[in-house]
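# Structural overview
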Amino acid sequence: MKLVGIVGTNAKMSTNRQLLQYMQQHFADQVTIEIAEITDLPAFNEPEDRVAPAAVQALSDQIKAADGVIFATPEYDHSIPAALKSAIEWLSYTTRPLINKPVMIVGASNGALGTSRAQAHLRQILEAPELKALVMPNVEYLLGHSLQAFDDQGNLTDHDKVAELADDVTAFLAFVTLTEKITPENKFMEKNQQFSWSQIADGRD
(Lines give C-alpha, C1' and ligand atoms only; values in the text may rest on other atoms or scores of the structure.)
Protein backbone atom coordinates (compact mmCIF):
# COMPACT_ATOMS: atom_id res chain seq x y z
CA MET A 1 0.00 0.00 0.00
CA LYS A 2 1.24 3.51 -0.84
CA LEU A 3 0.22 6.71 0.92
CA VAL A 4 1.16 10.32 0.34
CA GLY A 5 1.81 12.51 3.37
CA ILE A 6 1.20 16.21 2.76
CA VAL A 7 3.18 18.68 4.86
CA GLY A 8 0.53 21.27 5.64
CA THR A 9 2.82 24.30 5.81
CA ASN A 10 5.36 26.12 3.68
CA ALA A 11 7.64 26.74 6.69
CA LYS A 12 11.21 25.54 6.28
CA MET A 13 11.26 24.07 9.78
CA SER A 14 8.15 22.20 10.89
CA THR A 15 7.44 19.49 13.43
CA ASN A 16 4.61 18.38 11.13
CA ARG A 17 7.24 17.51 8.53
CA GLN A 18 9.17 15.71 11.28
CA LEU A 19 6.05 13.78 12.22
CA LEU A 20 5.53 12.58 8.65
CA GLN A 21 9.21 11.68 8.34
CA TYR A 22 8.95 9.68 11.54
CA MET A 23 5.86 7.88 10.22
CA GLN A 24 7.63 7.21 6.92
CA GLN A 25 10.48 5.46 8.71
CA HIS A 26 8.67 3.89 11.65
CA PHE A 27 5.95 2.22 9.57
CA ALA A 28 8.09 1.33 6.55
CA ASP A 29 7.43 -2.38 7.05
CA GLN A 30 3.66 -1.79 6.80
CA VAL A 31 3.23 0.94 4.20
CA THR A 32 5.14 3.21 1.81
CA ILE A 33 4.66 6.89 2.65
CA GLU A 34 5.75 9.48 0.07
CA ILE A 35 6.08 12.97 1.53
CA ALA A 36 4.71 15.87 -0.52
CA GLU A 37 5.47 19.55 0.02
CA ILE A 38 3.29 22.58 -0.75
CA THR A 39 6.18 25.06 -0.59
CA ASP A 40 6.39 25.67 -4.35
CA LEU A 41 2.66 26.01 -4.98
CA PRO A 42 1.51 29.49 -6.08
CA ALA A 43 -1.27 31.29 -4.22
CA PHE A 44 -4.68 30.24 -5.49
CA ASN A 45 -6.09 32.71 -8.02
CA GLU A 46 -9.14 30.94 -9.55
CA PRO A 47 -7.99 30.77 -13.21
CA GLU A 48 -10.80 30.92 -15.74
CA ASP A 49 -9.50 27.92 -17.68
CA ARG A 50 -9.35 25.77 -14.51
CA VAL A 51 -5.93 24.48 -15.58
CA ALA A 52 -3.66 23.51 -12.70
CA PRO A 53 -0.14 25.01 -12.60
CA ALA A 54 2.66 22.46 -12.98
CA ALA A 55 3.37 22.25 -9.23
CA VAL A 56 -0.31 21.72 -8.44
CA GLN A 57 -0.60 19.08 -11.17
CA ALA A 58 2.41 17.26 -9.73
CA LEU A 59 0.79 17.18 -6.27
CA SER A 60 -2.47 16.02 -7.81
CA ASP A 61 -0.68 13.20 -9.62
CA GLN A 62 0.90 12.09 -6.34
CA ILE A 63 -2.51 11.99 -4.68
CA LYS A 64 -4.14 10.11 -7.54
CA ALA A 65 -1.38 7.49 -7.53
CA ALA A 66 -1.69 6.90 -3.78
CA ASP A 67 -4.10 4.61 -1.99
CA GLY A 68 -4.66 7.24 0.70
CA VAL A 69 -3.53 10.63 1.97
CA ILE A 70 -2.22 11.84 5.33
CA PHE A 71 -2.51 15.57 6.02
CA ALA A 72 -0.17 16.86 8.73
CA THR A 73 -1.31 20.33 9.72
CA PRO A 74 -0.10 22.98 12.14
CA GLU A 75 -2.61 25.28 13.83
CA TYR A 76 -2.49 28.99 13.05
CA ASP A 77 -5.09 31.23 14.71
CA HIS A 78 -7.40 28.28 15.45
CA SER A 79 -7.29 27.06 11.84
CA ILE A 80 -5.05 25.60 9.15
CA PRO A 81 -2.25 27.63 7.51
CA ALA A 82 -3.17 29.82 4.54
CA ALA A 83 -0.70 27.89 2.36
CA LEU A 84 -2.55 24.63 3.01
CA LYS A 85 -5.95 26.19 2.35
CA SER A 86 -4.59 27.61 -0.91
CA ALA A 87 -3.25 24.19 -1.96
CA ILE A 88 -6.62 22.59 -1.26
CA GLU A 89 -8.38 25.34 -3.23
CA TRP A 90 -6.20 24.50 -6.23
CA LEU A 91 -7.09 20.82 -5.98
CA SER A 92 -10.81 21.45 -5.57
CA TYR A 93 -10.95 23.96 -8.44
CA THR A 94 -8.90 22.02 -10.98
CA THR A 95 -8.07 18.30 -10.85
CA ARG A 96 -10.14 17.14 -7.83
CA PRO A 97 -7.95 14.14 -6.93
CA LEU A 98 -9.41 13.76 -3.43
CA ILE A 99 -12.80 12.45 -4.53
CA ASN A 100 -13.36 9.14 -2.68
CA LYS A 101 -9.75 9.23 -1.45
CA PRO A 102 -9.24 7.94 2.10
CA VAL A 103 -7.71 10.64 4.29
CA MET A 104 -6.11 10.64 7.73
CA ILE A 105 -5.44 13.89 9.60
CA VAL A 106 -2.59 14.35 12.07
CA GLY A 107 -1.05 17.45 13.54
CA ALA A 108 1.82 18.73 15.64
CA SER A 109 1.97 21.96 17.59
CA ASN A 110 4.06 23.32 20.42
CA GLY A 111 0.87 24.17 22.29
CA ALA A 112 -0.63 21.80 24.85
CA LEU A 113 -3.72 21.05 22.75
CA GLY A 114 -1.87 20.01 19.62
CA THR A 115 -3.88 21.02 16.55
CA SER A 116 -7.40 20.07 17.61
CA ARG A 117 -9.16 23.12 16.20
CA ALA A 118 -7.19 23.10 12.95
CA GLN A 119 -7.92 19.40 12.47
CA ALA A 120 -11.64 19.93 13.00
CA HIS A 121 -11.60 22.75 10.46
CA LEU A 122 -9.58 20.70 7.96
CA ARG A 123 -12.00 17.79 8.29
CA GLN A 124 -14.88 20.13 7.50
CA ILE A 125 -13.06 21.50 4.45
CA LEU A 126 -12.13 18.09 3.03
CA GLU A 127 -15.72 16.87 3.28
CA ALA A 128 -17.02 19.82 1.24
CA PRO A 129 -18.90 19.04 -2.02
CA GLU A 130 -15.99 20.20 -4.19
CA LEU A 131 -13.57 17.79 -2.52
CA LYS A 132 -15.54 14.74 -1.33
CA ALA A 133 -12.58 13.20 0.50
CA LEU A 134 -13.31 10.22 2.75
CA VAL A 135 -11.86 11.42 6.05
CA MET A 136 -11.37 8.61 8.56
CA PRO A 137 -13.79 9.11 11.46
CA ASN A 138 -13.09 8.82 15.18
CA VAL A 139 -9.33 9.39 14.89
CA GLU A 140 -7.58 12.61 15.89
CA TYR A 141 -3.82 12.35 16.42
CA LEU A 142 -2.69 15.41 18.35
CA LEU A 143 0.99 15.91 19.10
CA GLY A 144 1.37 18.71 21.64
CA HIS A 145 4.60 20.34 22.83
CA SER A 146 6.06 19.16 19.53
CA LEU A 147 9.35 21.06 19.78
CA GLN A 148 10.31 18.70 22.60
CA ALA A 149 8.63 15.60 21.12
CA PHE A 150 11.51 14.26 19.00
CA ASP A 151 15.03 13.16 19.85
CA ASP A 152 18.13 13.96 17.78
CA GLN A 153 17.41 11.00 15.48
CA GLY A 154 13.87 12.21 14.76
CA ASN A 155 12.14 9.60 16.91
CA LEU A 156 9.14 10.33 19.11
CA THR A 157 10.16 10.08 22.74
CA ASP A 158 6.72 9.68 24.37
CA HIS A 159 5.92 5.96 24.37
CA ASP A 160 2.21 6.60 24.80
CA LYS A 161 2.14 8.85 21.71
CA VAL A 162 4.13 6.23 19.78
CA ALA A 163 1.59 3.54 20.69
CA GLU A 164 -1.33 5.85 19.89
CA LEU A 165 0.11 6.65 16.48
CA ALA A 166 0.68 2.97 15.74
CA ASP A 167 -2.96 2.22 16.56
CA ASP A 168 -4.14 5.11 14.38
CA VAL A 169 -2.01 4.05 11.41
CA THR A 170 -3.24 0.46 11.71
CA ALA A 171 -6.81 1.75 11.77
CA PHE A 172 -6.18 3.93 8.72
CA LEU A 173 -4.70 1.09 6.69
CA ALA A 174 -7.82 -0.95 7.46
CA PHE A 175 -9.95 2.06 6.52
CA VAL A 176 -8.17 2.36 3.16
CA THR A 177 -8.73 -1.33 2.45
CA LEU A 178 -12.40 -1.05 3.40
CA THR A 179 -13.07 2.04 1.27
CA GLU A 180 -11.51 0.35 -1.76
CA LYS A 181 -14.22 -2.30 -1.48
CA ILE A 182 -17.22 -0.06 -0.93
CA THR A 183 -16.60 3.16 -2.90
CA PRO A 184 -18.17 3.62 -6.34
CA GLU A 185 -16.18 3.14 -9.52
CA ASN A 186 -14.69 5.99 -11.53
CA LYS A 187 -18.10 6.83 -13.01
CA PHE A 188 -18.84 8.72 -9.78
CA MET A 189 -15.73 10.85 -10.21
CA GLU A 190 -16.43 11.54 -13.87
CA LYS A 191 -20.00 12.56 -13.13
CA ASN A 192 -18.93 15.06 -10.46
CA GLN A 193 -15.67 16.31 -11.96
CA GLN A 194 -17.08 19.63 -13.12
CA PHE A 195 -18.88 20.62 -9.91
CA SER A 196 -18.69 24.36 -9.29
CA TRP A 197 -20.07 26.70 -6.66
CA SER A 198 -20.96 29.03 -9.54
CA GLN A 199 -23.83 26.64 -10.28
CA ILE A 200 -25.62 27.56 -7.07
CA ALA A 201 -26.91 30.81 -5.61
CA ASP A 202 -24.39 31.31 -2.79
CA GLY A 203 -21.31 30.50 -4.87
CA ARG A 204 -17.80 31.85 -4.79
CA ASP A 205 -17.16 35.58 -4.94
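As annotated in an unreviewed UniProt entry, the chain carries the name Oxidoreductase and is attributed to Lactiplantibacillus fabifermentans DSM 21115.

## Some points on the pairing of strand 1 (residues 2–7)
Remember that side chains alternate between the two faces of the sheet whenever the strand is regular. The buried count for strand 1 comes to five of six residues, which makes it a mostly enclosed element. Here five bridges tie strand 1 to strand 2 (residues 32–36), and the two strands are oriented parallel to one another. Each residue of the ladder has a partner; that of Val-4, found in strand 2, is Glu-34. Following the backbone out of strand 1, through helix 1 (residues 15–26) and into the adjacent parallel strand 2, one traces a crossover that is right-handed. The pairing of strand 1 with strand 3 (residues 68–72) spans five bridges and is parallel.

## Some points on unusual backbone geometry
Backbone geometry follows two general trends: most residues other than glycine have a negative phi, and most peptide bonds adopt the trans configuration. Despite not being glycine, Glu-46 shows a phi value in the positive range, around 50 degrees. Here Glu-46 shows up in the loop between strand 2 and helix 2 (54–65). With a relative accessible area of 30%, Glu-46 lands in the partly exposed category. Even without a glycine there, the phi angle at His-78 is positive, about 70 degrees.

## Overview of helix 4 (residues 116–126)
Inspection of helix 4 places Ala-118, Gln-119, Leu-122, Ile-125 and Leu-126 among the buried residues, and these make up the whole buried set. Looking down the long axis of helix 4, one finds its buried residues gathered within 120 degrees of arc, a one-sided arrangement.

## Remarks on the pattern of salt bridges
A side chain with one charge can pair with a side chain of the opposite charge if their charged atoms come near. Scanning the model with the defined rule gives four salt bridges in all. The partner of Glu-89 in a salt bridge is Lys-85, with the nearest N and O atoms 2.4 Å apart. Taken together, the positions of Glu-89 and Lys-85, both in helix 3 (residues 82–93) and four residues apart, correspond to about one turn of that helix. We classify Glu-89 as buried; its relative accessible area is 17%. Taking relative accessible area as the criterion, Lys-85 reaches 29% and is therefore assigned partly exposed. When the shortest N-O distance is used, the salt bridge between Glu-164 and Lys-161 registers 2.9 Å. In this pair, Glu-164 and Lys-161 both sit in helix 5 (residues 159–182), three residues apart, roughly one turn of the helix.

How each quantity is defined
Residues numbered from 1 in each chain as written. Predicted model: local features only at pLDDT ≥ 70, side-chain atom pairs only at ≥ 80, totals over all residues. Heavy atoms only, no water. Buried < 20%, exposed > 50% of the residue type's maximum accessible area, 1.4 Å probe, protein only. Helix = DSSP H or I, 4+ residues; strand = E, 2+ residues; numbered from the N terminus. Pairing = 2+ DSSP bridges. Right-handed = clockwise from strand over helix to strand, strands pointing away. Arc of directions from axis to C-beta. Salt bridge = Lys/Arg side-chain N within 4 Å of Asp/Glu carboxyl O.

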